[in-house]
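Here are the chains, one letter per residue:
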Amino acid sequence: MNPQVIADCRVQVKRIYEQFDASHDWQHIERVLENARHIGQAEGGDQALIELAVLLHDVSDPKYKKPGEDPEQEILQKLELTDTERSEIRSIIRTVSFKGGTNDEPETLEGRIVRDADRLDAIGAIGIARTFAYGGAKGRKLYDRDEQARTQMTESEYRSGDTSSVTHFYEKLLLLKELMVTESGKQMAEERHRFMLSFLEQLQNETDGKK
C-alpha cells in the first residue's frame, strides 16, 4: 500500500477528531495507534490496514456523527484503496466498539489487534480520565450510590443510557480485561485493570468519609 494513503487519511480524520470532546479526540487516536504498534510487533498483522482502521474507527461513532453523514464511508471512498482493502477496513472497524457487550467478534488478526488497542485506552489511568471527560461533556453525575449497573443490554439500551461515570466502570471498563483477544493485549490489560480497582476503592473510601 502506498504510504501516502495513510498520510492522506491522517489529515482528513484529524480535522474530525479535533471537534470531539477530550474522551475521543486526536490524542485518543494517537494512543490507540501506539497500542496497536506495540501489539503488532509481537503478534504480526498487516500494519497498514491496522493503522487505517485505527485512524477511521471513531469518525462515524454514533455519539458524534451528524444525522445523514458517514465520514468513514466518505473518507474510504476518497482514499486510493482497492475494494478488498476497503472491505477489510470496514470489517475491522465493525468489531471494535463495545456496544454493551453485543458486538461481533473480530475475524482477523488485524481486527483483534485494533480492538485490543482501542480497549486498552478505555482502561487504566487514561481510561479513568476519559470516562470522567465524557461524563462531564454529557453532564453526567460523578457517581450515584443508588444506581444499579446494567448487566444485560442491547446496543440501543447501552448507547441511550445516562448512568453516572462510576457506574460505567461496572457496565464496561471492568469487563474489558477478560475480553482481550491477543496475548499482548491481555498482558497489557492486567496492570491497568488493577489500577482501576485501586482507584475505585480509594474513591469509595473518600466518598464514604473513611479517608
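These numbers come from a predicted model, not from an experiment.

> For this particular structure, what's the right way to read the overall build of the chain?
Check the secondary structure of the chain and you find 10 helices and zero strands. Across the chain, helices and strands are ordered from the amino to the carboxyl terminus as α-α-α-α-α-α-α-α-α-α. On C-alpha atoms alone, the chain measures out to a radius of gyration of 17 Å, which is about the 17 Å that the 2.2 N^0.38 rule sets for 211 residues. Overall size of the chain, expressed as C-alpha extent along the three principal axes, is 60 × 40 × 30 Å. For the chain, long-range pairs separated by at least 24 residues make up 66% of all intrachain contacts whose partners lie at least 6 apart in sequence. Element-wise, carbon and sulfur atoms account for 46% of the exposed surface of the chain, whose accessible area totals about 11,000 Å². Side chains of the chain carry 30 positive and 40 negative charges; the gap between the two charge centres is 3 Å.

> Please explain the side chain of Asn35 as it appears in this structure.
By secondary structure assignment, the location of Asn35 is in helix α2 (residues 26-43). Not counting residues within four places of it along the chain, the set of residues in contact with Asn35 comprises Ala117, Leu120, Asp121, Met188 and Arg192.

> Quick question: what am I supposed to make of the nonpolar core here?
One recurring pattern in soluble globular proteins: nonpolar side chains tend to sit buried together. Counting 51 residues, the largest nonpolar core has Val13, Leu56 and Ile89 as its most contacted members. Not counting residues up to four positions away in its chain, the partners in contact with Ile89 are Leu49, Leu52, Ala53, Leu56, Leu76 and Leu81.

> I tried to follow the pattern of salt bridges on my own but got confused; where do I start?
Between side chains of opposite charge, pairing is possible as soon as their charged atoms come close. Tallied over the full model, the rule gives 15 salt bridges. When the shortest N-O distance is used, the salt bridge between Lys63 and Asp61 registers 2.8 Å. Residue class for Asp61 comes out buried when judged on its relative accessible area of 8%. The partner of Glu171 in a salt bridge is Arg150, with the nearest N and O atoms 2.9 Å apart. Within this pair, whereas Glu171 is found in helix α9 (residues 165-171), its partner Arg150 is found in the loop between α7 (124-137) and α8 (155-160), the two being separated by 21 residues in sequence. On the basis of relative accessible area, Arg150 is assigned to the partly exposed category, the value being 24%.

> Looking at this model, I keep getting lost on the packing of aromatic side chains. Mind explaining?
Here a ring pair, both rings aromatic, is described through the centre-centre distance and the interplanar angle of the planes. On inspection of all chains with the given rule, the structure shows six aromatic pairs. Ring centres of Phe20 and Tyr64 lie 4.2 Å apart, and the angle between their planes is 15 degrees; this geometry places the pair in the stacked category. Pair noted here: Phe20 is in the loop between α1 (3-17) and α2 and Tyr64 is in the loop between α3 (47-56) and α4 (71-78), with a separation of 44 residues, a long-range link. Relative accessible area serves as the criterion here: at 18%, Tyr64 is assigned to the buried category. Grouped by ring-pair contacts, the aromatic residues Tyr17, Phe20, Trp26 and Tyr64 constitute a single cluster. When the ring centre of Tyr134 is taken as reference, the NZ or CZ atom of Lys63 above it lies at 6.0 Å.

Thresholds, definitions, all that
Residues numbered from 1 in each chain as written. Predicted model: local features only at pLDDT ≥ 70, side-chain atom pairs only at ≥ 80, totals over all residues. Heavy atoms only, no water. Helix = DSSP H or I, 4+ residues; strand = E, 2+ residues; numbered from the N terminus. Rg over C-alpha atoms; globule rule 2.2 N^0.38 Å. Contact = heavy atoms within 4.5 Å. Areas by Shrake-Rupley, 256 points an atom, 1.4 Å probe, with all protein chains shown as cover. Lys, Arg positive; Asp, Glu negative; His and termini not counted. Charge placed at Lys NZ, Arg CZ, Asp CG, Glu CD. Core = buried A, V, L, I, M, F, W, Y, C linked by side-chain atoms within 4.5 Å. Buried < 20%, exposed > 50% of the residue type's maximum accessible area, 1.4 Å probe, protein only. Salt bridge = Lys/Arg side-chain N within 4 Å of Asp/Glu carboxyl O. Phe/Tyr/Trp six-rings, centres within 6.5 Å; stacked < 30°, edge-to-face > 60°. Lys NZ or Arg CZ within 6 Å of the ring centre and 35° of its normal.

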